[in-house]
Amino acid sequence: MTNPAEELLDVVDAQDRVVGTATRAEVYRDGLTHRCVFILVRDPQGRIFVHRRTDTKLFAPGAYDCFVGGVVGSGESYAEAAVREAEEELGVTGIEPVPLFRFLFEQDGLSWFCDMYEARWDGPVSPQVEEVAWHGWLSEEELAQRLTEWDFVVDGREAYRRYLESRSS
């Protein structure tokens, strides 16, 4: 695995148009707006894949998340990144994320477009050990409880709030 801090990302403007490139380290250090994908993965019972990020992650080490995903590489489409990230993190092939919506996440000097997807997976998973320290499948009720107890990534919390809101509209 290459050094994630050196990964080249597209820097985008407020309309999500590419205006340049920078390394992931520069993007995080300088608060540059970039692109990410979030995939909510459900099993056949409707449970949601939840995991704890490894302590070596550049962003939110050790925090929990109810999405798999990550940054969109320079020149990569959101759809390509969604498949790549889901397959890498889950250790599977053949997943088909369905696009939902996109929003701009901004908080405490952080800024990225979040392209949201949902996917179903009915087979075994073998999460990437560099990315996932723990994982489980939680019902929506269990996830709602854990969101009050566990330290979840801030962008994942906001994405899940918007996901629930989009289903009720």
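Analysis parameters
- Residues numbered from 1 in each chain as written.
- Predicted model: local features only at pLDDT ≥ 70, side-chain atom pairs only at ≥ 80, totals over all residues.
- Heavy atoms only, no water.
- Core = buried A, V, L, I, M, F, W, Y, C linked by side-chain atoms within 4.5 Å.
- Buried < 20%, exposed > 50% of the residue type's maximum accessible area, 1.4 Å probe, protein only.
- Contact = heavy atoms within 4.5 Å.
- Axes fitted to C-alpha atoms, helices over the stretch in contact; angles between N-to-C directions.
- Helix = DSSP H or I, 4+ residues; strand = E, 2+ residues; numbered from the N terminus.
- Parallel < 35°, antiparallel > 145°, perpendicular 65-115°, else oblique.
- Left-handed = near helix turned anticlockwise from the far one by under 90°.
- Nonpolar A, V, L, I, M, F, W, Y, C, P; charged D, E, K, R; others polar.
- Salt bridge = Lys/Arg side-chain N within 4 Å of Asp/Glu carboxyl O.
- Polar contact = N/O pair within 3.5 Å; in protein donor to acceptor, adjacent residues only side chain to side chain.

1. Some thoughts on the nonpolar core
Next up, step 1: Phe-38, Cys-66, Phe-67, Leu-143 and Tyr-160 are the most contacted members of the largest nonpolar core, which has 29 residues in total.
Next up, step 2: Contacts of Leu-143, omitting those with residues within four sequence positions, involve Ile-48, Val-50, Cys-66, Leu-138, Phe-152 and Tyr-160.
Next up, step 3: Core analysis: the second largest hydrophobic core is formed by 19 residues, Phe-49, Ile-95, Ala-119 and Trp-121 among them.

2. Some points on the packing of helix α3 (residues 140–149) against helix α4 (residues 154–168)
Next up, step 1: Orientation of α3 relative to α4, taken along the N-to-C sense of each, is 140°, at an axis distance of 12 Å. One finds that α3 runs oblique with respect to α4. The two elements α3 and α4 cross, and the hand of that crossing is left-handed. Facing α3, whose interface residues are Glu-140, Leu-143 and Leu-147, α4 presents Arg-157, Tyr-160, Leu-164 and Arg-167.
Next up, step 2: Partitioned by chemical class, the residues of the contact of α3 with α4 number four nonpolar, no polar and three charged.

3. Notes on unusual backbone geometry
Among all residues save glycine, negative phi is the norm, and among peptide bonds the norm is trans.
Next up, step 1: Positioned with a positive phi, Asp-16 is a non-glycine residue whose angle comes to about 65°.
Next up, step 2: Considering the arrangement of structural elements, one finds Asp-16 in the loop between β1 (8–12) and β2 (18–23).
Next up, step 3: Under the relative-accessibility criterion, Asp-16 is labelled buried at 10%.
Next up, step 4: If you check the backbone angles, Ala-60 has positive phi at about 55° while not being a glycine.
Next up, step 5: Tracing the sequence through the fold places Ala-60 in the loop between β4 (48–53) and β5 (64–65).

4. Here's the deal with the pattern of salt bridges
Next up, step 1: Tallied over the entire structure, the rule returns 18 salt bridges.
Next up, step 2: Taking the shortest distance from any N to any O, the salt bridge between Lys-57 and Glu-131 comes out at 2.5 Å. Remark: Glu-131 occurs in the loop between β8 (110–120) and β9 (132–138) and Lys-57 occurs in the loop between β4 and β5; sequence separation between them is 74 residues.
Next up, step 3: Given the relative accessible area of 11%, Glu-131 is considered buried.
Next up, step 4: A network of salt bridges, in which partner residues are shared, links Asp-16, Arg-35, Arg-102 and Asp-115.

5. Digging into the side chain of Lys-57
Next up, step 1: For Lys-57, a relative accessible area of 18% gives the class buried.
Next up, step 2: A polar contact of 2.5 Å, which involves the side chain of Lys-57, links it to the side chain of Glu-131.
Next up, step 3: Apart from the residues within four sequence positions on either side, Lys-57 is in contact with Glu-130 and Glu-131.

6. Things to note about the environment of Arg-53
Next up, step 1: The topology assignment puts Arg-53 in strand β4.
Next up, step 2: Through-space distance from the C-alpha of Arg-53 to that of Glu-142 is 19 Å; in sequence the pair is 89 residues apart.
Next up, step 3: Aside from chain neighbours lying at most four places away, what touches Arg-53 is Phe-59, Ala-60, Gly-62, Ala-63, Asp-65, Glu-131, Ala-133 and Val-153.

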